[in-house]
Amino acid sequence: MAKAFSVVSWNVEHFKEDRSRVERVVDFLKKQKPDIFALYEVEGSVVFKELVQTMKEYTFHITEGPQVQEILLGVQQGLTSFFTQKIEFKSGTTAMRPGALLTVTVAGIHYPLLFLHTASGNDPRGLGLRDDMMLRAVDFRKPLDAAAKKAGGESANYIFLGDFNTMGMEYKFVKGRDISAEDELTKLAKQAKKRNMRLLTKSSINTWSNGSKSSIPDSNLDHVVAADHLVFTQFDGNDVSVRGWAEKKTTQEKDEWIKQFSDHSLLYFEVHKV
């Protein structure tokens, strides 16, 4: 199967007015040569200006609202797409990021991509918000399938992805009530399976790190969930290539990359034509 398009998903922590960092991040992003990219935690106008000036072959979209952090999308010019901001993925919380829905059309076939940056926190509130957002994302396939069938297709070529912040929950008041990050992901995988979707495999399980001096272990926070009929380019047997600090061989190299770029590694994948 031929490649339809490539996607980058990357949380660049507190991405704002540090111009030298913005230039480094943009340079690393350009090296991936994505057809579509999403950047999370965009906070400053310098980011948008740098992207527009140095990535002129892309068109850009950004979420809007009272939230501090936005999701910014870039789409290679010549690729047909339609952008919609989905406020239902704020789960009724004003400060949460909305979903960014980008429907890409390749050879007459539509591919809906929903980019999400879900609630952080390992307290009950954080888990509850994430759980609601994930269920909404999974169930969003139902109306997409209905629209696809109405248009003469079989089912939606649906993908949702982003920084899901899957860190579990610590319940400090009653022993034995904690929920591990693995359990949270297991639930998501089961919910996805009910809608004929799956969690894509990654070249590195962990995608977030606070560096070698942190008391918090490296964590599995960034994910891609896709309709199970979709096919992806394989990277050493995995659907998603995790790039950045996850590729570094030494602790010093890893810490330096985190300092220079972000605590999240970048996710890259390629969707094949249906």
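To be clear, the structure that these remarks concern was listed above.
Residues numbered from 1 in each chain as written. Predicted model: local features only at pLDDT ≥ 70, side-chain atom pairs only at ≥ 80, totals over all residues. Heavy atoms only, no water.

(A) Inspection of the overall build of the protein at higher detail. Helix and strand counts for the protein stand at six helices and 12 strands. Over its C-alpha trace the protein gives a radius of gyration of 18 Å, about what one expects of a compact globule, namely 19 Å for 274 residues. The principal-axis extents of the C-alpha atoms in the protein amount to approximately 55 × 45 × 40 Å. Sorting the 274 residues of the protein into buried and exposed places 52% on the buried side. (Helix = DSSP H or I, 4+ residues; strand = E, 2+ residues; numbered from the N terminus. Rg over C-alpha atoms; globule rule 2.2 N^0.38 Å. Buried < 20%, exposed > 50% of the residue type's maximum accessible area, 1.4 Å probe, protein only.)

(B) A look at helix H5 (residues 181–194). If you check H5, its first and last C-alpha atoms are 20 Å apart, about what 14 residues at 1.5 Å a residue would give, namely 20 Å. Taken together, the buried positions of H5 are occupied by Glu184, Leu185, Leu188, Gln191 and Ala192. For H5, the arc enclosing every buried residue in end-on projection is 120°, short of the 170-degree limit, so these residues lie on one face. Residues of H5 that are exposed and point more than 90 degrees away from the buried face comprise Glu182, Lys190, Lys193 and Lys194. Close packing links the buried residues of H5 with helix H3 (124–139), strand S8 (159–163), strand S9 (197–199) and strand S10 (222–227). Positive phi shows up at asparagine 196, right after H5, with a value of about 60°. (Expected span 1.5 Å × (residues − 1). Arc of directions from axis to C-beta. Contact = heavy atoms within 4.5 Å.)

(C) Inspection of the packing of helix H1 (residues 19–32) against helix H2 (residues 45–54) at higher detail. At their nearest, the axes of H1 and H2 sit 10 Å apart, and the two run at 45° to each other. Comparing the axis directions of H1 and H2 gives the class oblique. The way H1 lies across H2 gives a crossing that is right-handed. Residues Arg19, Val22, Glu23, Val26, Leu29 and Lys30 of H1 pack against Val46, Val47, Glu50, Leu51 and Thr54 of H2. (Axes fitted to C-alpha atoms, helices over the stretch in contact; angles between N-to-C directions. Parallel < 35°, antiparallel > 145°, perpendicular 65-115°, else oblique. Left-handed = near helix turned anticlockwise from the far one by under 90°.)

(D) Region of interest: the sheet that holds strand S5 (residues 80–86). The strand order S5-S6-S7-S8-S10-S9 describes an open sheet built from six strands, whose pairing is mixed. Two strands close off the open sheet at either side, each with one partner strand: S5 and S9. The average undirected angle you get between the axes of adjacent strands in this sheet is 20°. In this sheet, S10 lies alongside S8 in antiparallel orientation, the contact comprising five bridges. (Pairing = 2+ DSSP bridges.)

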